[in-house]
Amino acid sequence: MCGALSAAAWFVLRYAIDYGVAELDVKRTTVELLGGAQLLLFAGAGGIALGLLGVIRPETPRARRPLASAPPSSFPPPPVPPPPGPAPAG
């Protein structure tokens, strides 16, 4: 989308300048687009090409590795709390 907007901006800039010079009826003035305007066109073409590449050939997800099981613990399991109820006498 941004690539298309960048390329469209170049065309608008190019023809708007020509239209403005023709409307003002300036005979001895020449206006030319310099390198920065050309970068709009190249960036637009590159953005369009990369966008199409992403749509046509999307990145495939990598296969997940199986989760490694936890190593056996050398510690005993934690103690279990006593059941609810009255405390034993004694």
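Visitor: Explanation requested: helix α1 (residues 2-24) in the structure shown.
Guide: The end-to-end C-alpha distance of α1, which contains 23 residues, comes to 32 Å, matching closely the 33 Å that a straight helix rising 1.5 Å per residue would cover. For α1, the set of buried residues is Gly3, Ser6, Ala7 and Trp10. Buried-residue contacts for α1 involve α2 (35-56). Just beyond α1, the residue with positive phi is aspartate 25, at close to 55 degrees.

Visitor: Could you clarify how one ought to interpret the side chain of serine 6 in this entry?
Guide: Within the element layout of this structure, serine 6 appears in helix α1. Beyond its immediate chain neighbours, meaning those up to four positions away, serine 6 contacts Leu40, Ala43 and Gly44.

Visitor: Explanation requested: the environment of threonine 30 in the structure shown.
Guide: Looking at the element boundaries, threonine 30 is found in the loop between α1 and α2. Through-space distance from the C-alpha of threonine 30 to that of aspartate 18 is 9.3 Å; in sequence the pair is twelve residues apart.

Visitor: How do you make sense of the packing of α1 against α2 when you look at a structure like this?
Guide: When two helices pack together, you describe them by how their axes are tilted relative to each other and by the distance separating the axes. Running from N to C, α1 and α2 cross one another at 150 degrees; their axes reach a closest spacing of 7 Å. Taken together, the axis directions place α1 and α2 in an arrangement best described as roughly antiparallel. You can see that α1 and α2 cross each other, and the crossing is left-handed. From α1, Gly3, Ala4, Ser6, Ala7, Ala9, Trp10, Phe11 and Leu13 reach across to α2, where they touch Ala37, Gln38, Leu40, Leu41, Ala43, Gly44, Gly47 and Ile48. Looking at the contact of α1 with α2 residue by residue, the class counts come to eleven nonpolar, five polar and no charged.

Visitor: What is the right way to look at a nonpolar patch on the surface in this model?
Guide: Taken together, Ile48, Leu52, Val55 and Ile56 make up a surface patch of nonpolar side chains, about 420 Å² in accessible area. Residue position: valine 55 is located in helix α2. Using a relative accessible area of 67% as the deciding quantity, one classes valine 55 as exposed.

Calculation criteria
Residues numbered from 1 in each chain as written. Predicted model: local features only at pLDDT ≥ 70, side-chain atom pairs only at ≥ 80, totals over all residues. Heavy atoms only, no water. Helix = DSSP H or I, 4+ residues; strand = E, 2+ residues; numbered from the N terminus. Expected span 1.5 Å × (residues − 1). Buried < 20%, exposed > 50% of the residue type's maximum accessible area, 1.4 Å probe, protein only. Contact = heavy atoms within 4.5 Å. Axes fitted to C-alpha atoms, helices over the stretch in contact; angles between N-to-C directions. Parallel < 35°, antiparallel > 145°, perpendicular 65-115°, else oblique. Left-handed = near helix turned anticlockwise from the far one by under 90°. Nonpolar A, V, L, I, M, F, W, Y, C, P; charged D, E, K, R; others polar. Patch = residues over 30% accessible without salt bridge, like charges linked within 9 Å, V, L, I, M, F, W, Y side chains within 5 Å. Areas by Shrake-Rupley, 256 points an atom, 1.4 Å probe, with all protein chains shown as cover. Salt bridge = Lys/Arg side-chain N within 4 Å of Asp/Glu carboxyl O.

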